[in-house]
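The chain contents come next:
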Amino acid sequence: MFMQQNSSWVPIFPEQASTFAWQVDGLYFYLLAITAFFTIGIVAALIFLVIKYREKEKYATGAEIHGSIGLETLWSIIPFIIAMTVFLGGAIVYYNQYRTPKDAMEIYVVGKQWMWKLQHQTGQREINELHVPVGRKVKLTMTTEDVLHDFFVPAFRTKMDVVPGRYTTLWFEATKPGKYRLFCAEYCGLNHSGMGGWVYVMEQRDFDNWLSGNVSGQTPVEAGRDLFENKLGCASCHAGGPQQRGGKVEGLYNTDVKLVGGQTVKADDEYIRNSILNPSSQIVEGYQPIMPTFKGQVTEEQLVSLVAYIKSLGSEGSGATSTGSGSTGSGTSGSPSSSMPNPTNPNGGRLPTSQLTNSSVPGASNPNAPGNTSEPTRRENR
Ligand code: HEC
Ligand SMILES: [Cu+2]
């Protein structure tokens, strides 16, 4: 069904298959053209002058030249203008590539010596293969279980480091159905060269078929909810009732969190990940530093799921409970991003942190706080 596409208008170049591929190539050829122009110009001038002014008479002295303001200004201004056009082109390409659009469909990527593990929001998992629809913005949220890797699809002209202990993102919009090479572009050990695969760009209808033809299992959101409520027992502290030891995570995503010490941080993927692995590094104002670390108990894929779950609660406001609600994104309708709204509400229905300064009963001042039935009332003992 798929042909490997390696035809291109420049023989050894990979095909252009993303919206910004032509921009990257354009900039690249512009640089090549400037380099070629000056290299050829200088070498030609050199040869010409060497011949023209070759020694004709022994011990002749040359004419003295005392500078020329006009000439010097000119050869300063022209390179300046050329350098600025290169800068502008680079800035435009960079801006387009590294500012992730809001309406992208999200895919989670975990690198590992020596493979790529990918998961769709509808639950389908892939290894060393990625299926995406053509003409849709796709955002990859990436991390690694071990060492540094780098996700690189030459035909899309984009790549991004995949860094231990962090989330990095990369986005693209494929423009042509086909099968394109995927590489790891950061030396990562013995089998680094074999760490690659294929990206399959499909028409939307084929992609929908592909999604529904693959067992989806749990979606990241469902897996995250399961971990949160059952497997890891997060809900015993975070169920959201009064007298809970930890705050509600509903509506947390993308809000500004006030920390002990006066700092404010944005509750993004990175923050949530860090809250689970290093809870004591960022203590939320009004709470005790009693959350245990889950380092070593959760895999990167489970962390991704927990983040996806907390994110899915983001836009639901303070009336939601942590049980039963949340995304039901198990459908395979081919529209995964619409089942996972990206919350943009700056406060997300969350309590303003200024109301949470009473440390013994966080959330008690919220009239909408659902009663906590899953857990008998507990008090801090300190
Ligand atoms: C023993 C009770 C307890 C458990 C269990 C617990 N937490 Fe926490 N958690 C807290 C407390 C208390 C805080 C606030 C203090 C802090 O920032 O460390 C907190 C903070 C957080 C924050 C930052 C919240 C905010 O409002 O900014 C997140 C996210 C979080 N926890 C997620 C989890 C997840 C996910 C789990 C399960 C893997 C979990 N917690 C398990 C008590 C707990
Ligand atoms: Cu690698």
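Please refer to the structure placed before this passage.
Given the structure is predicted, the values throughout are model-derived calculations rather than measurements.

S.K.: Looking at this structure, how should I read the overall build of the chain?
M.R.: Counting its regular elements, the chain contains seven helices and twelve strands. Across the 382 residues in the chain, those meeting the buried criterion constitute 31%. A separation of at least 24 residues holds for 71% of the contacts in the chain among residues at least 6 apart in sequence.

S.K.: Just to check I follow, could you spell out the site of ligand 1 for this structure?
M.R.: Every one of the 29 residues lining ligand 1 counts as a neighbour, but Cys234, Cys237, Gly246, Tyr287 and Met291 are closest to it. Residue assignment for the shell around ligand 1 shows that the elements contributing at least two residues are α5 (235-238) and α6 (269-277). By residue class, the composition of the shell around ligand 1 is 20 nonpolar, eight polar and one charged.

S.K.: Whenever I open this one, the sheet that holds strand β9 (residues 178-184) confuses me. Can you help?
M.R.: Hydrogen bonding along the main chain pairs the strands of a sheet, whether they run parallel or antiparallel. Overall, mixed pairing links the five strands, which are arranged β4-β10-β9-β6-β7 in an open sheet. Lying at the two open borders of the sheet, with one neighbouring strand each, are β4 (129-133) and β7 (158-162). Across the sheet, the mean angle from the axis of one strand to that of its neighbour is 20 degrees, orientation sign disregarded. Looking at chain direction, β4 and strand β10 (residues 196-202) are connected through five bridges and run parallel. Within the sheet, the bridge partner assigned to leucine 130 lies in β10 and is valine 199.

S.K.: Explanation requested: the sheet that holds strand β8 (residues 168-173) in the structure shown.
M.R.: Taken in spatial order, the five strands make up an open sheet running β3-β2-β1-β5-β8, and their pairing is mixed. For this open sheet the edge positions go to β3 (125-127) and β8, each flanked by a neighbour on one side alone. Geometrically, the sheet is characterised by an average inter-axis angle of 25 degrees between neighbouring strands, direction not taken into account. Pairing analysis gives seven bridges linking strand β1 (residues 105-112) to strand β5 (residues 137-144), with the strands arranged parallel. Bridge pairing in β5 places glycine 111 opposite threonine 144. Contacting β1, β2 (115-120) and β5, helix α7 (residues 300-312) crosses the sheet at an angle of about 160 degrees to β1.

S.K.: Is there a simple way to explain the packing of α6 against α7 in this structure?
M.R.: Two elements in contact, α6 and α7, have axes separated by 10 Å at closest approach and are oriented at 120 degrees. By the criterion of interaxial angle, the relationship of α6 to α7 is oblique. The handedness of the crossing between α6 and α7 is right-handed. Listed contacts from α7 to Asp269, Ile272, Arg273 and Ile276 of α6 are Leu303, Leu306, Val307 and Ile310. Taken together, the residues of the contact of α6 with α7 break down into six nonpolar, no polar and two charged.

S.K.: Looking at this structure, I do not really get the nonpolar core. What am I missing?
M.R.: Soluble, globular proteins show a tendency: their nonpolar side chains are buried together. The biggest cluster of nonpolar side chains holds 52 residues, and the ones touching the most others in it are Val109, Val199, Val201, Leu306 and Ile310. When residues of this core are sorted by domain, at least three fall in each of domain 1 (1-48 + 68-217) and domain 2 (220-355).

S.K.: What's the story with the environment of glutamate 229 in this structure? I'm lost.
M.R.: Positionally, glutamate 229 belongs in helix α4 (residues 220-231). Residues glutamate 229 and alanine 239, ten residues apart in the sequence, show an inter-C-alpha distance of 8.5 Å.

S.K.: Is there a simple way to explain unusual backbone geometry in this structure?
M.R.: Where the residue is not glycine, phi is negative for most of them; where a peptide bond is considered, it is trans in most cases. With an omega dihedral of 0 degrees, the bond running from glutamine 113 to tryptophan 114 counts as a cis peptide bond. Locating tryptophan 114 in the fold gives a position in the loop between β1 and β2. With a phi angle near 55 degrees, asparagine 128 is a residue other than glycine that sits in the positive phi range. You can see asparagine 128 is positioned in the loop between β3 and β4. Using a count of 15 C-beta atoms within 10 Å as the deciding quantity, one classes asparagine 128 as partly exposed.

S.K.: Explain the pairing of β7 here, please?
M.R.: Both faces of the sheet carry side chains from a regular strand, because those side chains alternate between them. Across five bridges, strand β6 (residues 149-153) lies against β7 in antiparallel orientation. Bridging across to β7, phenylalanine 152 finds its partner in lysine 159. Counted along the chain from β6 to the antiparallel partner β7, the turn is four residues long, and its residue arginine 157 has a positive phi close to 55 degrees.

Each value, and the rule that gives it
- Residues numbered from 1 in each chain as written.
- Chains lettered and ligands numbered in written order.
- Predicted model: local features only at pLDDT ≥ 70, side-chain atom pairs only at ≥ 80, totals over all residues.
- Helix = DSSP H or I, 4+ residues; strand = E, 2+ residues; numbered from the N terminus.
- Buried ≥ 20, exposed ≤ 12 C-beta atoms within 10 Å, placed from the backbone.
- Contact = placed C-beta atoms within 7 Å.
- Near = placed C-beta within 6 Å.
- Nonpolar A, V, L, I, M, F, W, Y, C, P; charged D, E, K, R; others polar.
- Pairing = 2+ DSSP bridges.
- Axes fitted to C-alpha atoms, helices over the stretch in contact; angles between N-to-C directions.
- Parallel < 35°, antiparallel > 145°, perpendicular 65-115°, else oblique.
- Left-handed = near helix turned anticlockwise from the far one by under 90°.
- Core = buried A, V, L, I, M, F, W, Y, C linked by C-beta atoms within 7 Å.
- Domains from an automatic or database assignment.

Functional significance is not addressed by these values, which are geometric in nature.
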